[in-house]
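The chain contents come next:
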There are 2 protein chains.
Amino acid sequence: MSIRSSKITNPVVTEELAGNANGGKTRPRERIVSAACTLFRENGIRATGVEAIAEAADTNKMTLYRHFGSKDELICEALKCISDRHAAFWEKLTADFPDDSQARLLAWVELRAASLVDEPHGCDLSNAAVELKETDHPAHAVIEQVKAAQHRRLVALCADAGSRDPDLLANTLAMLLEGARVSRCASGAEGPCRQFSRACHAAIAAFRN
Amino acid sequence: MSIRSSKITNPVVTEELAGNANGGKTRPRERIVSAACTLFRENGIRATGVEAIAEAADTNKMTLYRHFGSKDELICEALKCISDRHAAFWEKLTADFPDDSQARLLAWVELRAASLVDEPHGCDLSNAAVELKETDHPAHAVIEQVKAAQHRRLVALCADAGSRDPDLLANTLAMLLEGARVSRCASGAEGPCRQFSRACHAAIAAFRN
DNA sequence: TACATTTGTTACCGATCGGTCACGTCGATG
DNA sequence: CATCGACGTGACCGATCGGTAACAAATGTA
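In short, a report on the structure. As the structure is a prediction and not an experimental result, all values here were calculated from the model.

### A short note on the interface of chain B and chain A
Right, so step 1: Contact with chain B, which involves 42 residues of that partner, is made by 42 residues of chain A.
Right, so step 2: Summing the contributions of chain B and of chain A, the shared interface buries around 3400 Å²; its carbon and sulfur component is 67%.
Right, so step 3: Run the count over chain B and chain A and you get 4 salt bridges.
Right, so step 4: Between D167 of chain B and R194 of chain A there is a salt bridge, with the nearest N and O atoms lying 3.6 Å from each other.
Right, so step 5: Run the count over chain B and chain A and you get 6 residue pairs in polar contact (both at pLDDT 80 or more).
Right, so step 6: At the level of elements, α3 (28–43), α8 (124–131), α9 (138–160), α10 (166–187) and α11 (196–206) of chain B are the ones that each hand at least two residues to the side of chain B that touches chain A.
Right, so step 7: Of all the elements, α10 of chain B adds the most residues to the side of chain B that touches chain A, at 15 residues.
Right, so step 8: Grouping the amino acids of the side of chain B that touches chain A by side-chain chemistry returns 19 nonpolar, 11 polar and 12 charged.

Encoded structure:
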């Protein structure tokens, strides 16, 4: 359901050079990454076996290991795929509101609030960070890098919207979003996340010029 | 370190009827729950085997299964133990600031901010909720119940402190705390959680009467 | 002392995990 | 047609998992 919207963005467009002309069927690598994203999100990373990923990708374990040296490598690749989706989200946001940066910030709140409703599993990056406690796991580098990029974009958005303290506002919004997502898992849809939008608006108003 | 403060509350007091007079050594059941709490927090729930728990508790797997019917049951019991620590935290908070409810709210912020510094693993309850995706897992009932109790206490605290909208303020503070904790795992100590305290103060000021 | 309860020890079970090997199949290219 | 690379299939490996059986040792109680 949530994977369907991403499947149309990634594979079809980028496979023209490969000249694969069969009926819309993508190559195994993309299917594996896509399936890994879905299963990791819905069942957790450790709880998802490589065989289940291969099966969901309509292929087999051997082909999976021909493309990815290990499960950890596949995990990193899946996180990078999610990072690409985040980047696409930001590009679409700036494209939809090219001039009015104030409206762009409000749209960010609204879109994130909407994602809280139909995505009950929280942030895939943060969930991975929570689940993979080994501090030397290669996924942590990917996660930190993506989170840093997101923070930079959010700070820029707050600055464009004319906040008095863009860094503080960005961090506040980041904590509110992260907290809303995780409390969606722990306390349900009727928990604190219910008032995510109002809390964001209050923060924006509090840090206005 | 954090486990030590709880060890003095639970076992010693409740074991007088058992008449165990050996040198301060607690009974296996408490040691198992305590070890489970520590290992679950430091290594994750799924990544922690029952044998490792028994070993850390200075006992063996057979004794563990004599006290707990399954690992899932032990998980629930460990979460309940953590719930007791939360309750102790709140009791101490109200005991330390019996009169000044405004100061009590500020102390809540300060204590939570301090816990962000020396506890890099976030909220054990939320982490468990994220890690255990099976919606029918018995741990979810425990988690939701504890989270609901915490929410009630936080709302009461905000109301006592004279907020205009205690429910909204409590939810905002809950999201900020939850988000600060998880972003501590995903983005490091220099991420958004760095400004948790300031964000809380701004929220409190925004919702003041 | 005699008994009952709680622990400790060891070996074991079936299942699943991540990962590999050998071989067979297919489609594209020359 | 021949070749080559990507893919599919199934069996297999060692390790680890949660959980159990059987028996010995310790412990408290009468």
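### Considering the protein's contact with DNA strand C
Right, so step 1: The full set close to DNA strand C counts 16 residues, and K61, Y65 and K71 of chain A together with T59 and R66 of chain B are the nearest of them.
Right, so step 2: Near-protein atoms of DNA strand C (within 4 Å) split between backbone and bases, with sugar and phosphate holding 48%.
Right, so step 3: Between DNA strand C and T63 of chain B, the relevant distance is 3.1 Å, taken from a phosphate oxygen to a side-chain nitrogen or oxygen of the residue.
Right, so step 4: Between a phosphate oxygen of DNA strand C and a side-chain N or O atom of H67 of chain B, the distance comes to 3.2 Å.
Right, so step 5: For the surface near DNA strand C, the secondary-structure elements that each account for two or more residues are α5 (61–67) of chain A together with α5 (61–67) of chain B.
Right, so step 6: Here the element with the most residues in the surface near DNA strand C is α5 of chain B; it accounts for 4 residues.

### Quick look at unusual backbone geometry
All names here are of chain A.
Right, so step 1: Of note in the backbone geometry, D58 takes a positive phi value of approximately 60° without being a glycine.
Right, so step 2: Tracing the backbone through its elements, the reader meets D58 in the loop between α4 (50–56) and α5.
Right, so step 3: Classification of D58 by relative accessible area gives exposed; the value is 56%.

### A few points about the environment of Q195 of chain B
Residue and element names in this part refer to chain B.
Right, so step 1: Along the polypeptide, Q195 turns up in the loop between α10 and α11.
Right, so step 2: Owing to a relative accessible area of 6%, Q195 belongs among the buried residues under this scheme.
Right, so step 3: For the pair Q195 and A113, spaced 82 residues apart in sequence, the C-alpha to C-alpha distance is 9.1 Å.

### Some details on the protein's contact with DNA strand D
Right, so step 1: T59 and R66 of chain A together with K61, Y65 and K71 of chain B are the nearest of the 16 residues found near DNA strand D.
Right, so step 2: Near-protein atoms of DNA strand D (within 4 Å) split between backbone and bases, with sugar and phosphate holding 48%.
Right, so step 3: Between DNA strand D and H67 of chain A, the relevant distance is 3.0 Å, taken from a phosphate oxygen to a side-chain nitrogen or oxygen of the residue.
Right, so step 4: K61 of chain B is positioned with one of its side-chain polar atoms (N or O) 2.3 Å from a base oxygen of DNA strand D.
Right, so step 5: Breaking the surface near DNA strand D down by element, the ones donating at least two residues are α5 of chain A together with α5 of chain B.
Right, so step 6: By residue number, the principal contributor to the surface near DNA strand D is α5 of chain A, which donates 4 residues.
Right, so step 7: For the surface near DNA strand D, the residue count by class is 5 nonpolar, 7 polar and 4 charged.

### Examining the packing of helix α6 (residues 71–96) of chain A against helix α8 (residues 124–131) of chain A
Two quantities define a packed helix pair, namely the angle between the helix axes and the distance between the axes.
Residues and elements named next belong to chain A.
Right, so step 1: In the contact formed by α6 and α8, the axes pass within 10 Å of each other and the chain directions differ by 150°. With respect to α8, the axis of α6 lies roughly antiparallel. Residue-level contacts link L79, I82 and H86 of α6 to D124, L125 and A128 of α8.
Right, so step 2: Its residues assigned to classes, the contact of α6 with α8 shows 4 nonpolar, 1 polar and 1 charged.

### Details of the packing of aromatic side chains
Residues and elements named next belong to chain A.
Right, so step 1: Applying the stated rule across the entire model yields 2 aromatic pairs over all chains.
Right, so step 2: Here F89 and W90 contribute two aromatic rings whose centre-to-centre distance is 6.0 Å and whose plane-to-plane angle is 85°, an arrangement assigned as edge-to-face.
Right, so step 3: Seen from the ring of F89, R112 lies directly overhead, with NZ or CZ sitting 4.0 Å from the centre.

### Some remarks on the side chain of E131 of chain A
Right, so step 1: Residue placement: E131 of chain A occurs in helix α8.
Right, so step 2: Although E131 of chain A lies buried, it forms no salt bridge, and the closest oppositely charged side chain, K133 of chain B, sits 5.9 Å away as judged by the N-O distance.
Right, so step 3: Within polar-contact distance, the side chain of E131 of chain A engages the backbone nitrogen of R46 of chain A at 3.0 Å.
Right, so step 4: Sequence-distant contacts of E131 of chain A, that is, excluding residues within four places in its chain, are made with G44, I45, R46 and A47 of chain A together with E131 of chain B.

### Considerations on the relation of the copies chain B and chain A
Right, so step 1: You can overlay chain B on chain A at an RMSD of 0.0 Å; the transform is a turn of 180° with a shift of 0.0 Å along its axis. As the rotation angle and translation indicate, the two copies are arranged about a two-fold axis. When C-alpha positions in chain B are compared against the rotation axis, the closest is assigned to G179 of chain B, at 1.7 Å.
Right, so step 2: Of the interface residues in chain B, 100% have counterparts in chain A that sit at the interface too, so the contact is made through matching surfaces.

### Some points on the pattern of salt bridges
Right, so step 1: Per the counting criterion, the structure on display carries 16 salt bridges over all chains.
Right, so step 2: R46 of chain A is the salt-bridge partner of E134 of chain A, the closest N and O atoms lying 3.1 Å from each other. Remark: R46 of chain A occurs in the loop between α3 (28–43) and α4 and E134 of chain A occurs in the loop between α8 and α9 (138–160); sequence separation between them is 88 residues.
Right, so step 3: What makes R46 of chain A partly exposed here is its relative accessible area of 34%.
Right, so step 4: Put simply, K61 of chain B and E51 of chain B hold a salt bridge, and the shortest N to O gap is 3.8 Å. Of this pair, K61 of chain B sits in helix α5 while E51 of chain B is found in helix α4 (residues 50–56), placing the two residues 10 residues apart along the sequence.

Scoring rules and cut-offs
- Residues numbered from 1 in each chain as written.
- Chains lettered and ligands numbered in written order.
- Predicted model: local features only at pLDDT ≥ 70, side-chain atom pairs only at ≥ 80, totals over all residues.
- Heavy atoms only, no water.
- Contact = heavy atoms within 4.5 Å.
- Buried area = accessible area lost by both parts, 1.4 Å probe.
- Salt bridge = Lys/Arg side-chain N within 4 Å of Asp/Glu carboxyl O.
- Polar contact = N/O pair within 3.5 Å; in protein donor to acceptor, adjacent residues only side chain to side chain.
- Helix = DSSP H or I, 4+ residues; strand = E, 2+ residues; numbered from the N terminus.
- Nonpolar A, V, L, I, M, F, W, Y, C, P; charged D, E, K, R; others polar.
- Near = heavy atom within 4 Å.
- Buried < 20%, exposed > 50% of the residue type's maximum accessible area, 1.4 Å probe, protein only.
- Axes fitted to C-alpha atoms, helices over the stretch in contact; angles between N-to-C directions.
- Parallel < 35°, antiparallel > 145°, perpendicular 65-115°, else oblique.
- Phe/Tyr/Trp six-rings, centres within 6.5 Å; stacked < 30°, edge-to-face > 60°.
- Lys NZ or Arg CZ within 6 Å of the ring centre and 35° of its normal.
- Lys, Arg positive; Asp, Glu negative; His and termini not counted.
- Least-squares fit on C-alpha atoms with pLDDT ≥ 70 in both.

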